[in-house]
Amino acid sequence: MDVKGTVALITGGASGLGAATARRLFDDGASVVLVDLPASAGDAFAAELNAGGTGRAESAEAGKALKRDNKAVFVPADVTDEAQVQAAVDAAVALGPLRIVVNCAGIGTPGKVLGRDGVLPLESFNRVIQINLVGTFNVTRLAAAAMAATEPAGTELGGPERGVIINTASVAAFDGQIGQPAYAASKGAVAAMTLPLARELARSLIRVVTIAPGIFETPMMAGLPQEAQDSLGRQVPHPSRLGRPAEYAKLAAHIVDNAMLNGETIRLDGAIRMGPKSPPRPRAPRHVRRPGCTPRARTLGAPKSAFPGPPVSVRAGEGWARGGRGGR
Ligand SMILES: NC(=O)c1ccc[n+]([C@@H]2O[C@H](COP(=O)([O-])OP(=O)(O)OC[C@H]3O[C@@H](n4cnc5c(N)ncnc54)[C@H](O)[C@@H]3O)[C@@H](O)[C@H]2O)c1
């Protein structure tokens with residue numbers, strides 16, 4: 001599908017993988033509706049895109065000179081809220097034919113069933129499921145209704161289609177680690193609903209594809225010390241580093257373009273297979289260890305539980321739910 005002249009709705013679009021995808025689709029000529037929490041950086045990011053600076057080093061100057069027909073709009077919304085998501089879909093439809101949805105909103109709050117503070121509160125499990133799974137489904141169903149009402153667009157190679165919905169699972173859907181029962185369950189369900197959604201929406205000429213990322217360099221990762229990031233990167237067989245948000249965006253753009261991709265979950269992970277736990281955290285060199293520190297406090301802040309899931313050392317409250325941190 002040619003994205004030029006279409007509208008893309010991207011949840012979690014103010015940060016990380018969602019922001020990179022919004023930037024990519026915007027650069028390719030789509031209008032983008034960024035759906036994210038009110039406290040996110042969505043407004044500033046939309047303004048940046050509209051100002052014409054694409055942020056791509058090679059095209060920033062060209063981008064400024066370019067007279068664009070496409071727009072970026074931020075719609076603050078919680079993906080679990082029916083009315084707010086409907087308002088976001090309406091805002092997308094007002095810009096043109098809604099043909100692309102990328103569901104990136106998500107949180108990764110970890111929690112062991114039997115943790116240090118006792119049994120995991122049911123509310124904690126529910127919340128991850130609500131945002132990652134129910135939120136993804138909420139956006140999918142309301143956007144699918146709007147897409148189904150559009151005229152099919154023809155492409156030279158792909159044949160007529162109305163749209164494509166890209167959901168984001170995680171390799172935790174398949175290799176969930178200790179402390180990730182909620183996160184792995186939510187992402188496993190996102191992967192599991194891909195085929196039934198694709199089968200049902202086929203008659204409306206809408207495709208559904210899921211990306212299962214490995215460990216990506218998003219704002220949450222950027223908060224980790226370099227040594228911890230390097231340690232995570234070394235767990236990836238090849239290339240032995242964290243994934244870059246632009247690489248997620250590149251796959252999303254390919255999925256949009258390739259009409260034969262449908263009903264599948266694609267791992268984007270450099271061949272990583274997560275073990276039950278992450279390898280031991282790197283220890284601080286002797287000279288920085290303070291007498292009396294517990295072994296936990298002596299670490300350099302490397303995560304106890306590696307991504308995909310928030311590292312214990314940087315989690316604060318709800319991990320991914322903290323909203324955009326400016327890094328895109
Ligand atoms: N970064 C990784 O390594 C990685 C790996 C596997 C899967 N993922 C998945 O990719 C997606 C994007 O992750 P990211 O790393 O870019 O995280 P991120 O924290 O940078 O972005 C997530 C965005 O979702 C938004 N959000 C959270 N709850 C929301 C809600 N209820 N309604 C609307 N927006 C909400 C946040 O405000 C944030 O802007 C998530 O679903 C995550 O589970 C990420």
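Caption draft 1: Fine view of the packing of helix α4 (residues 82-95) against helix α5 (residues 122-148). Interhelical geometry of α4 versus α5 gives an angle of 35 degrees and a closest axis separation of 10 Å. Like other packed secondary-structure pairs, α4 and α5 cross with a definite hand, here right-handed. Facing α4, whose interface residues are Glu82, Val85, Gln86, Val89 and Val93, α5 presents Asn138, Val139, Leu142, Ala143 and Ala146. Tallied by class, residues from the contact of α4 with α5 come to 7 nonpolar, 2 polar and 1 charged.

Caption draft 2: How the structure looks around the confidence of the model for the chain. Across the chain, the average pLDDT comes to 85, with 79% of residues at or above 70. Low pLDDT, under 50, characterises residues 310-328; the stretch is placed with 57 contacts to residues that sit more than four places away or in other chains.

Caption draft 3: Here's a closer look at helix α11 (residues 245-257). Over its 13 residues, α11 runs 19 Å from end to end, which matches the ideal 18 Å to within 8%, given 1.5 Å per residue. Where α11 is buried, its residues touch α1 (16-27), β4 (98-103), β7 (163-168), β8 (206-213) and β9 (265-268).

Caption draft 4: Inspection of helix α2 (residues 42-50) at higher detail. All of the buried residues in α2 are Gly42, Phe45, Ala46 and Leu49. Projected down its long axis, α2 shows its buried positions confined to an angular sector of 100 degrees, all on one face. Those residues of α2 that are buried are in contact with α1, β2 (31-36) and β3 (72-76).

Caption draft 5: Highlighting the nonpolar core. Ranked by size, the top nonpolar core spans 80 residues in total, and within it Leu9, Val32, Val33, Leu34 and Ala143 carry the most contacts. It is α5 that contributes the most residues to this core, 8 residues altogether. Apart from the residues within four sequence positions on either side, Val33 is in contact with Val7, Leu9, Val73, Val75, Ala88, Ala91 and Ala92.

Caption draft 6: Focus on the sheet that holds β8. Strand order across the open sheet formed by 7 strands is β3-β2-β1-β4-β7-β8-β9, with parallel pairing between neighbours. Edge positions in the sheet fall to β3 and β9, since each has one partner strand and no second. Strand-to-strand, the axes of this sheet are offset by a mean angle of 20 degrees, without reference to chain direction. Where strand β1 (residues 7-11) meets β2, 5 bridges bridge the pair, whose relative direction is parallel. Paired with Val7 across the bridge in β2 is Ser31. Sitting on the sheet, α2 is in contact with β2 and β3, with an inclination near 170 degrees to β3.

Procedures and definitions
- Residues numbered from 1 in each chain as written.
- Predicted model: local features only at pLDDT ≥ 70, side-chain atom pairs only at ≥ 80, totals over all residues.
- Axes fitted to C-alpha atoms, helices over the stretch in contact; angles between N-to-C directions.
- Helix = DSSP H or I, 4+ residues; strand = E, 2+ residues; numbered from the N terminus.
- Left-handed = near helix turned anticlockwise from the far one by under 90°.
- Contact = placed C-beta atoms within 7 Å.
- Nonpolar A, V, L, I, M, F, W, Y, C, P; charged D, E, K, R; others polar.
- pLDDT = per-residue confidence, 0-100.
- Expected span 1.5 Å × (residues − 1).
- Buried ≥ 20, exposed ≤ 12 C-beta atoms within 10 Å, placed from the backbone.
- Arc of directions from axis to C-beta.
- Core = buried A, V, L, I, M, F, W, Y, C linked by C-beta atoms within 7 Å.
- Pairing = 2+ DSSP bridges.

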